[in-house]
Amino acid sequence: MAGNDWINSYLEAILDVGPGIGDAKSSLLLRERGHFSPTRYFVEEVITGFDETDLHRAWVRAAATRGPRERNTRLENMCWRIWNLARKKKQLEGEEAQRKAKRRLEHERGRKEATADMSEDLSEGEKGDLPGDVSAHGDSTKGRMPRISSVDVMEYLANQLKEKKLYIVLISLHGLIRGENMELGRDSDTGGQVKYVVELARALGTMPGVYRVDLLTRQVSAPDVDWSYAEPTEMLSPRTKETSMQELGESSGAYIIRIPFGPKDKYIPKELLWPHIPEFVDHALSHIRQMSKVLGEQIGGGQPVWPVAIHGHYADAGDSAALLSGVLNVPMLFTGHSLGRDKLEQLLKQGRQSREEINTTYKIMRRIEAEELSLDASEIVITSTRQEIEEQWRLYDGFDPVLERKLRARIKRGVSCHGRFMPRMVVIPPGMEFHHIVPHGGDMDGDVERNEENPTSPDPPIWSEIMHFFSNPRKPMILALARPDPKKNITTLVKAFGECRPLRELANLTLIMGNRDSIDEMSGTNASVLLSVLKLIDKYDLYGQVAYPKHHKQCEVPDIYRLAAKTKGVFINPAFIEPFGLTLIEAAAHGLPVVATKNGGPVDIHRVLDNGLLVDPHDQQSIADALLKLVSDKQLWARCRHNGLKNIHLFSWPEHCKTYLSRIAMCKPRQPQWQRSDVEFENPERNSPGDSLRDIQDLSLNLKLSLDGEKSEGAGNGTLDNSLDIDDSVDRKSKLENAVLKLSKGATGGVEKASLMEKADQNVVGSGFPAMRMRKYIFVIAVDCDSVSDTSKIIRTIMEAAGKENPVGFILSTSLSISEVHSLLISGSISPLDFDAFICNSGSDVYYPISSSSEEGPALPFVVDLDYQSHIEYRWGGEGLRKTLVRWATSVNEKKGQTVAEDESRSTAHCYAFKVKDFELVPPIKELRKLMRIQALRCHVVYCQNSTTLNVIPVLASRAQALRYLYIRWGMELSNVIVFAGECGDTDYEGLLGGVHKTVILKGIGNNALKLHSNRSYPLEHVLSFDSPNILQAEGCCNEDVRVSLRKLGVIKE
């Protein structure tokens, strides 16, 4: 087994001790066990697959002990240590098996409930396809004509886009990203993903119909990294001169945009970026907003040109893309690259760490939640292989291949999915640039002759660095290119080579295992693998037959492939599992036949290229036989080389981008709903404190009079429920208007809609409407108090502390309905006109105040922003979601008494409210969220009002998102926003604290809400940066405490 070469010597040492250790010289521990056979124990308990590098180091110390008694004692201790570790591993495996079984049952139950809700009889297309029959797109491949994979369809969609001028945003946050001289392998965050996203952006920028591509990443100004990573903008120049002719304007092309967020002057790993994601989102939103204006002036006829899609790469960027797409109302794409649940399972299988230890080290639960959110928000999930869909994505609550097929069958038949949604899984293999590759066609002798004739073209330096290892450099080269990671299975390759004499006589072996200065400076795992390789080289006396250079540059990798091809060699990837296998495509492009693992992506690559052999990575003999066959059979070698070169164009970047853009073309176009004339991006001068959003008229604002927050009976029924569906926006707006025109409870008489609309318009004209950009500061009161009286008191305190010297605007952000807000203001003698906006129902509704006269009777002095509701409408489950929630409440009540009850008086078209009598008896947020996701229902669940209320709102709605919407809609500067919050609050509390805005935490407020956060998937520290300079804690909640905090923030002067 890879990494366990010390086992043989360990076994020999135990055999030296003897079959029994029951004599007087034995340790007390073993004498207490009675007769003990260490040999039998070792074979039965240890050699079954344990791989612990620290055990190897313990054995080295034990073997170095000279005295037999001390040596035996150390061996005994080591044996017991292995037993304890093995027992721990089995315990963890048992616990994980129980979790898997529970998850499988939950998915089956959720699938049954979802199917039961969809009452119409299932068609044959919805029934019983086996997992193996699922295509890359989630459909059965039996008896069904290909659709999007059809060349004609893709060509048609690509041609449709040629006349467009698209703006595409890609996001990849971690690692060091630049266009040239990428430092791949510098650290675990700067790997294949970095190269992929850069080349994707570059290739998309040259495609017909694409005007601009922005690749957003983190700006790094740390002293230990190159200065180029601090440059705000870097243009990605096209690889070929032909594509440069497609330039359309001064802002066209592909660019790396580096956004500053996180600790300044410090390069941190991706696990520590989570608390800073909101800051990135705010800055990225500002960039996209400004770029949309610039592009609008260049190609949009004065109208903003919003991104046609936002594509997140990896979990952190997926989380960011979900928030950005929700605010901008544009389609989202997602590529996972590697998935958290799969990594968690692999780490648990190793048995080295518990789930809690893994979460502490890798922040794995935060990563998984980000991936689940990406599934909730994405229209398309792009994968490299079918294996990723069938074995990795199906581990997630938000994706079920069986339920996905049922939903798609219903959509094709035009049947309601009852508010259920599933993202579209699409296999698009990564592309490559081949224009610079000239496959070598000669042999070593021919090259020597040509070099003698043309001495001006010397061999690349890396060739000599490799060749000096070999006693006979003319033999074919077996090339492996992988970092020294146990998963890459390099030690098994070295064993296969060392133990196969015919292979050793015919070929050399080259191992490119990253870059290193000193083995002692390498990580423990990588150092262990490298030491094992070096020991195997010594064991099999492979000196002169194996090359393992210490350094190579990324730009030298093509030269290494060329050298292997020139010697008529073979490329091998023996990894235990390979998610995709980009190196296999690179090798094929240079004319190298391949031997690759049969687990994962290489299967799909081999199906297309047919340029080598697949092997079982655990079968050492199989690896040796495959290599020997390709090296010795020249006809087979030539045929594999020919096949690879003939088919390699299918993995080119143009082919990749053509498929990519055809998928984007299938998404329903979405963008911000309002017209360009509604928004002025330039900030006018702030003339006086009286300049406010109530002093600016905006007649085109899509606002209607709200009498109550009550829901409409016909709204949100979720009839067409997929990313490919086309909603009737006019009908939806009509429904929303009906919803907000419902009379409040107890109102008398019926009011004609037309007259109400007329009055609403008159109020709009008379009072003027929002321009929050006119405010110097915006105070957002988002304090979740235990009582209404406390809330009104804090509101007055903050307003008094603001004073009159600054043009300050106020926004109330709360879980209350608009009717409750109105009652709150009346009880506290506060005028609604003192506020610029109200974010209600945990962020599912945005209202603005208007002046109202007494003759309007029961009308509340607010209007609702229907454009905001159009934004958050995406994937809202409507009535299907409500029925599922009611059924869930009924099941909870049957088990634990009357605990949860639907609150129809507080519910609205986009917020389903439930009363909670005993919080201890209801499931935590993570369980309820899981239940909804398993049934393909996408929503945001919030426990609020000191655990007495449950609000269920659209998945991309929240109080934090509503603030970002107001920034995009009205141009209010987020950096001038001060959010007031308590020490704790509703379960959406964490979203209020992060970002570029300032936060004042009022001491002693909201502590009773701590219980809401007691059963989280991950601690608040994983997502909040409490040492941020933007977060300030007030000493109390009185007027002077607030003013002191505002002085520290520079909002008010001394």
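None of the values given here were measured: they were computed from a predicted structure.

1. Let's talk about the packing of aromatic side chains
Point 1. Going through the model one piece at a time under the given rule, you end up with 14 aromatic pairs.
Point 2. With a centroid separation of 5.8 Å and an interplanar angle of 90 degrees, the aromatic rings of phenylalanine 779 and phenylalanine 810 are classed as edge-to-face. On the criterion of sequence distance, the pair formed by phenylalanine 779 in strand 16 (residues 777-781) and phenylalanine 810 in strand 17 (residues 808-813) is long-range, its members being 31 residues apart. Across this residue pair, the class does not change: phenylalanine 779 and phenylalanine 810 are buried.
Point 3. Among the aromatic side chains, those forming a connected cluster through ring pairs are Phe334, Trp393 and Tyr396.

2. Topic: the environment of proline 461
Point 1. Assignment of secondary structure puts proline 461 in helix 16 (residues 461-467).
Point 2. We classify proline 461 as exposed; its relative accessible area is 54%.
Point 3. Linking proline 461 and histidine 552, residues 91 residues apart in sequence, is a C-alpha distance of 9.8 Å.

3. So, the confidence of the model for the chain
Point 1. The predicted model of the chain has a mean per-residue pLDDT of 79, with 75% of residues at 70 or higher.
Point 2. Low pLDDT (under 50) marks residues 47-51, which in the prediction has 15 contacts with non-local residues, meaning those over four places away or in another chain.

4. A closer look at helix 8 (residues 277-299)
Point 1. The terminal C-alpha atoms of helix 8 lie 31 Å apart, and with 23 residues this matches the ideal 33 Å at 1.5 Å per residue to within 8%.
Point 2. Immediately downstream of helix 8, the backbone of glycine 301 shows phi near 60 degrees, a positive value.

5. Regarding the packing of helix 9 (residues 314-328) against helix 12 (residues 364-377)
Point 1. At a minimum axis distance of 8 Å, the contact between helix 9 and helix 12 shows a crossing angle of 45 degrees. Classified by the angle between their axes, helix 9 and helix 12 sit oblique to one another. Of the two elements, helix 9 crosses helix 12, and the hand of that crossing is left-handed. Facing Tyr314, Ala315, Gly318, Asp319 and Ala322 of helix 9, the residues of helix 12 in contact are Arg366, Arg367, Ala370, Glu371, Leu373, Ser374 and Ala377.
Point 2. Each residue belonging to the contact of helix 9 with helix 12 can be placed in one class, and the counts come to six nonpolar, two polar and four charged.

6. Considerations on the nonpolar core
Point 1. With 104 residues, the main nonpolar core has Ile171, Phe280, Trp393, Ile811, Tyr848, Leu966 and Met972 as its most contacted residues.
Point 2. Among the elements that make up this core, the one with the highest residue count is helix 9 (nine residues).
Point 3. Both of domain 2 (164-239 + 248-427) and domain 4 (775-876 + 957-1053) provide at least three residues apiece to this core.
Point 4. With sequence-adjacent residues up to four places away left out, phenylalanine 280 is seen in contact with Ile171, Leu173, Leu216, Thr217, Ile259, Phe261 and Ser320.
Point 5. Leu536, Ile537, Leu584 and Val615 belong to the second largest nonpolar core, which has 69 residues in total.

7. Quick word on the environment of glycine 340
Point 1. Tracing the backbone shows glycine 340 in helix 10 (residues 340-350).
Point 2. Spatially, the C-alpha atom of glycine 340 lies 6.1 Å from that of arginine 367, the residues being 27 residues apart in sequence.
Point 3. When neighbours within four sequence positions are excluded, glycine 340 is seen to be in contact with Ile364, Arg367, Ile368, Glu371 and Tyr396.

Quick notes on the rules
- What you see as residue numbers is a count from 1 along each chain, following the sequence as written.
- pLDDT decides what is reported in this predicted model: residues at 70 or higher carry local features, side-chain atom pairs at 80 or more are listed and counted, and totals for whole chains, interfaces and linings draw on all residues regardless.
- Note that water and hydrogens are dropped before the side-chain values are worked out from all heavy atoms of the structure.
- Any two of the Phe, Tyr and Trp rings considered here, Trp counted by its six-membered ring, make a pair once their centres fall within 6.5 Å; the pair's planes then place it as stacked at under 30 degrees, edge-to-face at over 60, or tilted in between.
- Secondary structure elements follow DSSP: runs of H or I no shorter than four residues count as helices, runs of E no shorter than two count as strands, and numbering proceeds from the N terminus.
- When accessible area is computed with a 1.4 Å probe and restricted to protein chains, residues below 20% of their type maximum are described as buried, those above 50% as exposed, and intermediate ones as partly exposed.
- A score between 0 and 100, pLDDT records how confident the predictor is in each residue.
- By definition in these notes, contact holds between two residues if any of their heavy atoms fall within 4.5 Å.
- Given the number of residues in a helix, its expected span is that number minus one, multiplied by 1.5 Å.
- Each axis is a line fitted through C-alpha atoms, and for a helix only the stretch in contact is used; angles between axes span 0 to 180 degrees, taken between their N-to-C directions.
- Relative orientations are named as follows: roughly parallel for angles under 35 degrees, roughly antiparallel for angles over 145 degrees, roughly perpendicular for angles from 65 to 115 degrees, and oblique for any other angle.
- Crossing chirality is assigned from the near helix's rotation relative to the far helix, an anticlockwise turn below a right angle marking it left-handed and a clockwise turn marking it right-handed.
- For this scheme, ten residues count as nonpolar: Ala, Val, Leu, Ile, Met, Phe, Trp, Tyr, Cys and Pro. Four count as charged, namely Asp, Glu, Lys and Arg, and the remainder, Gly too, count as polar.
- What makes a nonpolar core is a set of buried Ala, Val, Leu, Ile, Met, Phe, Trp, Tyr and Cys residues whose side-chain atoms join them at distances within 4.5 Å.
- Boundaries between domains were set according to an automatic or database domain assignment.

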